[in-house]
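As a plain string of letters, each chain reads:
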Amino acid sequence: KDELLPRHMLRRNEERQAKELVFRVRRGRSPIQVRAIRAVLGAMDGGEETLRKLARKSTTDERREVALAALWDRADRAEREAAREARAQESQADGDQPGATQTEAAGPKAADRAQALRRFAYRTALIDPDRDVRRQPMRWAGRDGRDTEVIEYLGGALFHDHPNVRMRAAVGFGNLG
């Protein structure tokens, strides 16, 4: 993060830093720098709501795609966190150690957060104006073996009133790979 942001931005809150990092994604930017920005955004703890807004409203498709990719990375991280918390809960339950109720609440919370981030990405496959940005969540889902999850989400869109939504849902299924 130190190399990607100006020094004065390092003292700002994470929401402001996330916004600045996404703003630094431009055409002609080195793919390595773009991947570094994505990695930093995905690893940050704050700024999730800002990333959602940027994934929807950024003026360039590159910026929307990086914000969306960072949200996908955060969903991966939240799922790992939920699995880790579930294992901790099991070990606490086996040993009847105090504090199990605290972990019980944390595991589902991380899992719900991951699911909400994934659904946001799947929704992007229906509504983003750029075809390449719409394609990415489906490719990531196909790569990660989330076909069933995508089918459940996009299945209803095949019967939507608006023909563009139906068409984009069908294309989304094709992009699963």
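A.B. asks: Run through the overall build of the chain, naming residues and quoting values.
C.D. replies: Broken down by element type, the chain carries 8 helices and 0 strands. The N-to-C order of helical and strand elements in the chain reads α-α-α-α-α-α-α-α. With the principal axes as the frame, the chain shows a C-alpha extent of 55 × 50 × 25 Å. With 177 residues in all, the chain has 42% of them scored as buried.

A.B. asks: Give me the pattern of salt bridges: which residues, what numbers.
C.D. replies: If you walk through the whole model with that rule in mind, you get 14 salt bridges. As a salt-bridge pair, Arg27 and Asp61 come within 3.9 Å of each other at their nearest N and O atoms. Here Asp61 lies in helix H4 (residues 61-95) and Arg27 lies in the loop between helix H1 (14-23) and helix H2 (31-43), a separation of 34 residues in the sequence. Between Glu79 and Arg146 there is a salt bridge, with the nearest N and O atoms lying 2.4 Å from each other. Linking Glu79 in helix H4 with Arg146 in the loop between helix H6 (131-143) and helix H7 (147-155), this pair joins segments that are 67 residues apart in sequence.

A.B. asks: Tell me about the packing of H1 against helix H3 (residues 48-57), residues and numbers included.
C.D. replies: Packed helices, taken two at a time, are described by their axes: the angle between them and the distance between them. Where H1 contacts H3, the two axes come as close as 8 Å, and the packing angle between them is 30°. Judged by the angle between their axes, H1 and H3 are roughly parallel. In this structure, the crossing between H1 and H3 has a hand that is right-handed. Contact residues: H1 offers Glu15, Ala18, Lys19 and Val22, while H3 offers Thr50, Leu51 and Leu54. Residues belonging to the contact of H1 with H3 are distributed by class as follows: 4 nonpolar, 1 polar and 2 charged.

A.B. asks: Account for the packing of H1 against H2, with residues named and values stated.
C.D. replies: For the pair H1 and H2, interaxial distance at closest approach is 10 Å and the crossing angle is 165°. The pairing of H1 with H2 is recorded here as roughly antiparallel in orientation. Once H1 is placed against H2, the crossing between them reads as left-handed. The residues of H2 that touch H1, namely those facing Ala18, Leu21 and Val22, are Ile37, Val40 and Leu41. Tallied by class, the residues present in the contact of H1 with H2 amount to 6 nonpolar, no polar and no charged.

Parameters and conventions
- Residues numbered from 1 in each chain as written.
- Predicted model: local features only at pLDDT ≥ 70, side-chain atom pairs only at ≥ 80, totals over all residues.
- Heavy atoms only, no water.
- Helix = DSSP H or I, 4+ residues; strand = E, 2+ residues; numbered from the N terminus.
- Buried < 20%, exposed > 50% of the residue type's maximum accessible area, 1.4 Å probe, protein only.
- Salt bridge = Lys/Arg side-chain N within 4 Å of Asp/Glu carboxyl O.
- Axes fitted to C-alpha atoms, helices over the stretch in contact; angles between N-to-C directions.
- Parallel < 35°, antiparallel > 145°, perpendicular 65-115°, else oblique.
- Left-handed = near helix turned anticlockwise from the far one by under 90°.
- Contact = heavy atoms within 4.5 Å.
- Nonpolar A, V, L, I, M, F, W, Y, C, P; charged D, E, K, R; others polar.

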